[in-house]
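Observations on the three-dimensional arrangement
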Amino acid sequence: MSATSISKALTPPDIKARKGGTPIACLTAYTTPFARIVDRHCDLILVGDSVGMVLHGLPSTVAVSLDMMIMHGQAVCRGAGRALVVVDLPFGSYEEGPEQAFRNAARVMAETGCGAVKLEGGETMAETIRFLTRRGIPVMAHIGLTPQAVNTFGGYKVQGRGAGAEQILKDAEAVSEAGAFCVVLEKVTEPLARSITEAVAIPTIGIGASAACDGQILVLDDVLGIFTDFRPKFVKRYAELGRDAETAISAYAKDVREHRFPGPEHVFGETARPSAGG
Ligand code: KIV
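1. With respect to the overall build of the protein chain
Scanning the protein chain for helices and strands turns up 11 helices and 8 strands. Overall, the protein chain is about 75 × 40 × 35 Å in size when its C-alpha atoms are taken along their principal axes. Burial statistics for the protein chain: of 278 residues in total, 49% are counted as buried. A sequence separation of at least 24 residues applies to 59% of the contacts in the protein chain between residues at least 6 apart. Here the protein chain displays about 14,100 Å² of accessible surface, and carbon together with sulfur accounts for 56% of that area.

Now the structure itself:
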C-alpha cells in the first residue's frame, strides 16, 4: 500500500471493535518482505522503535530517530495490504507537548501511509492522545514497561508489582478515556493485565502480560530466532532463522574457499543459451 492508494486495510475502529472477541494477533515488522508475510497472517503490524536494537544494533530505543521510523514505515506500508500498520513515535518526538506530537505524527502518517501511530506513556500522555485523536490521528497507547524510559526504570523490569499496580490501572483508564483505540501492556503481572482488560473499553494488547489481554504482540525477530542478544521469558520462539543463516553463510564461505562455488550452472559461456536469469 502506498501513501496515495485507497486503503483496504483494517482500521483503528475495526481493531477497537475486537474488544473481548477473537484475540488480536499483532507482530512487529521493519521491512517490505517480512511485512508481506506478517500481513497474510496478522491483524496489526507495528513498525516498532525496537528496529533500533533489532536492525541497527543500538543498545536501546532511545537513539531511534523520526527519519528512521519513517523509512521503515514506508517499507512496511509497501508490503502490507490488510493489516493495520502502526508506526512508533520515537523518543523525543512527542513528549514536549501536543503540538510537537501532532507535527511529528502528521509527518509520519503523511510520509508513510500508515493507519495510526503509537506512543509511550499513560496519564502524563493523556492530553496529547486527546489532542491527536481529535485531530484525525489514531493512537495506540503503550503502558507498563515503556522501553523509551529504560533509563528511568533502571532496566527492563516487570511493572505493576505491589503499589505500582494502581498507577498502571490509572494509566490504562486515562489513555482509554483520551481516545486511544487500543493499549499495549508491556511486562506487567497477569492479575494486573486481567484487571485492566476488564476495566477499560479498548482492547489490551499484551507483550509479557499474559493471555488475559485482548490481543498479543511480539518482536518479529524474537519470534523467528534472528535477534538473540537477549531472550525475555515472555518470548516464544517459532523458528531458529539466526542459526539457519549461520549454517548457510558458513557453507557459502567454505564453498568459495574450496572452489565449489560458482559451479558450471552459475557461469555464463561463450554462446548464449536462453535462461530465466538471462
Ligand atoms: O518497539 C516495539 O517493538 C514495541 C513492542 C510493543 C513490541 O513497542
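That covers the picture; the talk isn't over yet.
2. A few points about the site of the ligand
Near the ligand the following residues occur: Thr28, Leu46, Gly48, Asp49, Ser50, Asp88, Lys118, His142, Val184, Ile207 and Val219. For the ligand, an oxygen atom lies 3.2 Å from a polar atom in the side chain of Asp88. Contact between the ligand and Lys118: an oxygen atom at 2.9 Å from a side-chain N or O atom of the residue. Isolated, the ligand exposes 250 Å² of accessible area, and the fraction of that covered by the protein chains is 96%. Looking at the shell around the ligand residue by residue, the class counts come to 4 nonpolar, 4 polar and 3 charged.

3. Let's talk about the packing of aromatic side chains
According to the stated counting rule, one finds 4 aromatic pairs in the structure shown. Ring centres of Phe102 and Phe131 lie 6.4 Å apart, and the angle between their planes is 75°; on these two criteria the pair is classed as edge-to-face. Of this pair, Phe102 sits in helix 5 (residues 98-112) while Phe131 is found in helix 6 (residues 126-133), placing the two residues 29 residues apart along the sequence. Given the relative accessible area of 28%, Phe102 is considered partly exposed. Here the aromatic cluster, defined as three or more aromatic residues joined through ring pairs, consists of Tyr156, Phe227 and Phe230. The ring of Phe131 carries the charged tip of Arg135 above its face, separated from the ring centre by 3.6 Å.

4. Looking at the side chain of Gln100
Examined against the element boundaries, Gln100 turns out to sit in helix 5. There is a polar contact of 2.8 Å between the side chain of Gln100 and the backbone oxygen of Gly92.

Procedures and definitions
- Numbers given to residues run from 1 along each chain, matching the order in which its sequence is written.
- For this predicted model, a pLDDT threshold of at least 70 governs which residues receive local features, and a threshold of 80 or more governs which side-chain atom pairs are given and counted, while totals over whole chains, interfaces and linings are taken from all residues.
- To get the side-chain values, take all heavy atoms of the structure and skip hydrogens and water.
- Comment: elements are numbered from the N terminus, with helices defined as DSSP H or I runs of at least four residues and strands as E runs of at least two.
- For each residue, the accessible area found with a 1.4 Å probe, counting protein chains only, is set against the maximum for its type, and the residue is called buried under 20%, exposed over 50%, and partly exposed in between.
- Note on contacts: a residue pair qualifies if any of its non-hydrogen atoms lie within 4.5 Å across the two residues.
- Note that accessible areas follow from Shrake-Rupley with a 1.4 Å probe, and for residues the cover is restricted to the protein chains shown.
- The nearness test applies per residue and asks whether one of its heavy atoms lies within 4 Å of the molecule or strand.
- Pairs of N or O atoms within 3.5 Å make up the polar contacts considered here, provided that, within protein, one atom can donate a hydrogen while the other can accept it, and that residues adjacent in sequence are counted only when both atoms are side-chain atoms.
- Any residue outside Ala, Val, Leu, Ile, Met, Phe, Trp, Tyr, Cys, Pro, Asp, Glu, Lys and Arg is labelled polar, Gly included; the first ten of those are nonpolar and the last four are charged.
- Two aromatic rings from Phe, Tyr or Trp, using only the six-membered ring of Trp, form a pair when their centres are within 6.5 Å; if the ring planes differ by under 30 degrees the pair is stacked, by over 60 it is edge-to-face, and anything between is tilted.
- A ring is scored as having a charge over it whenever the NZ atom of a lysine or the CZ atom of an arginine sits within 6 Å of its centre and within 35 degrees of its normal.

In short, geometric facts, not functional conclusions.
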